[in-house]
Amino acid sequence: MRTSKKSVILSSVQYIIIFIGFALSYMFTYPQYDVLLFTRDFKGDIVSVLHEALFYGNGRFLGNVLGFYFSHHFTAAIFVTAFFLTLIVFLANKLFFSDNPKAIFPIGAVIAFPAVGIIREVYCMIAAFCNYAVPLAFALMSGIFIKKLKADSSRLFYIPLGFSAVCACLFSENTTIVILCVAAMIIVGDLSRKQQESIHARHTEFDFFGSRCVDNVSHSETYGHQTKTRLLQGICRTESFDF
């Protein structure tokens, strides 16, 4: 019991250190040019952000909401970014290393240090971080719920699994494709071993539903942009006749 308590305290201290480290690093990173772009185009209140996210034209609804909102509130974005990176470390440790305190700092180092190339761009832009890093947390969360469903047959875990799987698909379309492919490979692996394939089939159904939401949102956004384009063309034609 005493060993378990020490382990919890040690893990908590390590996560706090990692969170502070990420927050301090982002104090010297934000804001970037996406902040300047979005703060110029629309206001930062939640109504304006939701409207802009819905009609932006790329189908990344949750990614747009988070990216647009925190572009206007980049001081909060520093701590939100640190929170999600720390959450990714926590979930990865829980999923792959069974809450091993010795794995926390190595996972944090793997998450933090390869900040080169495209990964550097993801870490340096609020919108890119929201669309490519945040869904990783939901994907890891889905993996944990699948693991729990294998160990415990309670159907209540399908509710958080459905939530995390659908949310993971409402960011980048690339993330949606990767998650669907991974889910399909998991099903094939389970079918070959004949172990609880129905759990992963349910996860794929949630992923497919999320991907359809992205498709529908993308179509509605495209229609909204086409409508605005036609209105602008009509206004331009009217003004040309006035001359």
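That block above? That's the structure.
A few points on the structure. (Residues numbered from 1 in each chain as written. Predicted model: local features only at pLDDT ≥ 70, side-chain atom pairs only at ≥ 80, totals over all residues. Heavy atoms only, no water.)

Structural notes on the overall build of the protein
Consideration 1: Looking only at helices and strands, the protein has 12 helices and zero strands in total.
Consideration 2: Listed N to C, the secondary structure of the protein is α-α-α-α-α-α-α-α-α-α-α-α in terms of helices and strands.
Consideration 3: Residues classed as buried in the protein amount to 40% of the 243 residues present.
Consideration 4: Across the protein, every contact between residues at least 6 apart in sequence was considered, and the portion connecting residues at least 24 apart equals 74%. (Helix = DSSP H or I, 4+ residues; strand = E, 2+ residues; numbered from the N terminus. Buried < 20%, exposed > 50% of the residue type's maximum accessible area, 1.4 Å probe, protein only. Contact = heavy atoms within 4.5 Å.)

Concerning the nonpolar core
In a soluble, globular protein the nonpolar side chains are often hidden away together inside.
Consideration 1: Grouped together as the largest cluster of nonpolar side chains are 32 residues, with contacts concentrated most on Leu85, Val89, Ile111, Tyr123 and Phe129.
Consideration 2: Element by element, the count of residues in this core is highest for helix 5 (residues 74-96), at 10 residues.
Consideration 3: Counting seven residues, the second-largest nonpolar core is a separate cluster that includes Phe42, Val49, Phe68 and Ala127. (Core = buried A, V, L, I, M, F, W, Y, C linked by side-chain atoms within 4.5 Å.)

Section: the environment of Ser25
Consideration 1: Mapped onto the elements, Ser25 comes out in helix 1 (residues 2-27).
Consideration 2: Along the primary structure Ser25 and Ala112 are separated by 87 residues, whereas in three dimensions their C-alpha atoms are 9.8 Å apart.

Side note on the environment of Thr39
Consideration 1: Along the chain, the position of Thr39 falls in helix 2 (residues 33-41).
Consideration 2: Taking relative accessible area as the criterion, Thr39 reaches 36% and is therefore assigned partly exposed.
Consideration 3: Taking the C-alpha atoms as reference, Thr39 lies 10.0 Å from Phe70; in sequence the two are 31 residues apart.
Consideration 4: Sequence-distant contacts of Thr39, defined by excluding residues within four places in its chain, comprise Ser71 and His72.

Observations regarding the side chain of Thr81
Consideration 1: Mapped onto the secondary structure, Thr81 falls in helix 5.
Consideration 2: On the basis of relative accessibility, which here comes to 3%, the residue Thr81 falls in the buried class.
Consideration 3: Looking at Thr81, its side chain comes within polar contact range of the main-chain oxygen of Ala77, at 2.7 Å. (Polar contact = N/O pair within 3.5 Å; in protein donor to acceptor, adjacent residues only side chain to side chain.)

Focus on the packing of helix 5 against helix 9 (residues 134-151)
Any two packed helices are characterised by how steeply their axes cross, that is the angle between the axes, and by the distance between the axes.
Consideration 1: Across the interface, helix 5 lies against helix 9 with an axial gap of 9 Å and an inter-helix angle of 25 degrees. Here helix 9 runs roughly parallel to helix 5, going by the angle between their axes. The handedness of the crossing between helix 5 and helix 9 comes out as left-handed. Facing Phe84, Leu87, Ile88, Leu91, Ala92, Lys94, Leu95 and Phe96 of helix 5, the residues of helix 9 in contact are Val134, Leu136, Ala137, Leu140, Met141, Gly143, Ile144 and Lys147.
Consideration 2: Across the contact of helix 5 with helix 9, the residue classes tally to 13 nonpolar, one polar and two charged. (Axes fitted to C-alpha atoms, helices over the stretch in contact; angles between N-to-C directions. Parallel < 35°, antiparallel > 145°, perpendicular 65-115°, else oblique. Left-handed = near helix turned anticlockwise from the far one by under 90°. Nonpolar A, V, L, I, M, F, W, Y, C, P; charged D, E, K, R; others polar.)

Geometry only, nothing functional implied.
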